[in-house]
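Below, each chain spelled out in residue letters.
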Amino acid sequence: MLSEKVHIAVPTAFFEDESLNIQGTISHIRDLYKQGVKSVLVSGTTGEQHSLNLQEKIEIINGLELEEELISNMEIIFGVASIRQKEAEELAEKIRHTKISGIMLGYPPYVIPTQEEAFVYTKRIMQLSNKPTILYNNPKRTGFDLSENSIIQLSKIDLVVGIKDAGNKEKIERIKNGMHKNALYFYAGGEVDLEEKVLHGYDRLSSIAGNVSATEISQWFQKMLMKQKVSKQENEKIENIIEQVYQENAIVNLKKIINRKGIPMGICRSPIGNI
């Protein structure tokens, strides 16, 4: 089971030649851990997952496995997705034998599987990883939209613990009405329109802005969940953080801010950040 209400979707560090910088990635995770962050999503949803090949993802896992303190004390979720099911299967098998806490299962971009094909893909990856799984639905990026019926059917599987970006208010209501269990968590992807999403039934956060202001974002979200009033001063601070991160390209902004702290996050892989 994944117990943390907030995880931070961390960027992947690259050197100037765009090659993978595992230690830079881990340095950032270690810095978040020192700030009290209890959960991170690695190789996940910061727009870089599909630029990483299978070998690079395995190298990141091997690097994390050497970080005994982090992997034993943090809830580390790993993003599993690939255009090819066979590669996603290989990654899932690798994860099965690690201390990684869970996976976020994304759907193949561009190829647009049918709902039935996506269902088979999901079951196969979970069977191989044997880890608590957050389904990740992102039609804007992949072209594929996991239907409410697919979500309801998959929610019957014990390993499925949540869904990230399930859809609009109406879709969430239909999913909740159709489910046989209430233990499915609804993860909002990032901070944009977060208050509205919470009103619609989202109860967890896959945070982007938490990479630069972990405590503030987490406290703000917790207050939102508990329907507590946020002061004007706090609101202004949060608005400032969100503007700083989300103006134009969030991942480019994040890396600049993290680099300024002296953590070698490096650059993005072009065409992202090529301006």
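Right above here is the structure, for reference.
Residues numbered from 1 in each chain as written. Predicted model: local features only at pLDDT ≥ 70, side-chain atom pairs only at ≥ 80, totals over all residues. Heavy atoms only, no water.

Participant: Would you explain the overall build of the protein in this entry?
Facilitator: Helix and strand counts for the protein stand at twelve helices and eight strands. Computed over the C-alpha atoms, the radius of gyration of the protein is 18 Å, within 12% of the 19 Å expected from 2.2 N^0.38 for a compact globule of 275 residues. Oriented by its inertia axes, the alpha-carbon framework of the protein measures out at about 45 × 45 × 40 Å. Every one of the 275 residues in the protein was classed for burial, and the buried ones make up 52%. Relative to all contacts within the protein whose residues are 6 or more apart in sequence, the contacts with residues 24 or more apart total 70%. Summed over its atoms, the accessible surface of the protein is roughly 13200 Å², and 49% of this surface lies on carbon and sulfur atoms. Across the protein, 34 positive and 36 negative side-chain charges occur, with their mean positions spaced 3 Å apart. (Helix = DSSP H or I, 4+ residues; strand = E, 2+ residues; numbered from the N terminus. Rg over C-alpha atoms; globule rule 2.2 N^0.38 Å. Buried < 20%, exposed > 50% of the residue type's maximum accessible area, 1.4 Å probe, protein only. Contact = heavy atoms within 4.5 Å. Areas by Shrake-Rupley, 256 points an atom, 1.4 Å probe, with all protein chains shown as cover. Lys, Arg positive; Asp, Glu negative; His and termini not counted. Charge placed at Lys NZ, Arg CZ, Asp CG, Glu CD.)

Participant: How should the nonpolar core be read in this particular structure?
Facilitator: In summary, soluble globular proteins display a tendency toward joint burial of nonpolar side chains. With 82 residues, the main nonpolar core has Val-40, Val-42, Leu-64, Phe-78 and Leu-146 as its most contacted residues. Excluding its chain neighbours within four sequence positions, the residues that come into contact with Val-40 are His-7, Ile-8, Val-10, Ile-29, Leu-32, Met-74, Glu-75, Ile-76 and Ile-77. (Core = buried A, V, L, I, M, F, W, Y, C linked by side-chain atoms within 4.5 Å.)

Participant: Whenever I open this one, the side chain of Glu-67 confuses me. Can you help?
Facilitator: Summarising the element assignment, Glu-67 is placed in the loop between helix H2 (54-65) and helix H3 (68-73). We classify Glu-67 as buried; its relative accessible area is 16%. Not counting the four nearest positions on each side in its chain, Glu-67 is found in contact with Gln-23, Ile-26 and Arg-30.

Participant: Looking at this structure, I do not really get the pairing of strand E1 (residues 6-9). What am I missing?
Facilitator: Every regular strand shows the same layout, with side chains that alternate between the two sheet faces. Burial along E1 is two-sided: Val-6 and Ile-8 and His-7 and Ala-9, pointing in opposite directions, are all buried. Strand direction decides the pairing type here: E1 and strand E8 (residues 204-207), joined by three bridges, are parallel. Residue pairing across strands places Ile-8 opposite Ser-207, the latter belonging to E8. Relative to strand E2 (residues 39-42), E1 runs parallel, the two being bridged by two bridges. Looking at the pairing, Ile-8 lines up with Val-40 of E2. In the classification by handedness, the crossover that spans E1, the intervening helix H1 (residues 22-34) and the parallel E2 is right-handed. (Pairing = 2+ DSSP bridges. Right-handed = clockwise from strand over helix to strand, strands pointing away.)

Participant: Before we go on, may I ask you to explain unusual backbone geometry in this structure?
Facilitator: Working note: non-glycine residues mostly have negative phi, and peptide bonds are mostly trans. The omega torsion of the bond from Ser-270 to Pro-271 falls at 15 degrees, within 30 degrees of zero and hence cis. Structurally, Pro-271 is set in the segment after helix H12 (250-260). A positive phi angle, close to 55 degrees, is found at Asp-193, a residue other than glycine. Positive phi outside glycine occurs at Glu-248, with the angle close to 65 degrees. Within the secondary structure, Glu-248 is located in the loop between helix H11 (232-246) and H12.

Participant: Explain the sheet that holds strand E3 (residues 75-80) here, please?
Facilitator: Strand pairs in the sheet, formed through backbone hydrogen bonds, run parallel or antiparallel to each other. With parallel pairing, the eight strands of this closed barrel are ordered in space as E1-E2-E3-E4-E5-E6-E7-E8. Looking at each pair of strands side by side, their axes are set apart by 25 degrees on average, direction ignored. Here E2 pairs with E3 via four bridges, running parallel. What sits directly across from Val-40, in E3, is Ile-76. Contacting E3, strand E4 (102-106), strand E5 (133-136) and strand E6 (160-164), helix H5 (residues 115-129) runs over the sheet at an angle of about 160 degrees to E4. (Axes fitted to C-alpha atoms, helices over the stretch in contact; angles between N-to-C directions.)

Read these as layout, nothing more, since geometry by itself doesn't imply function.
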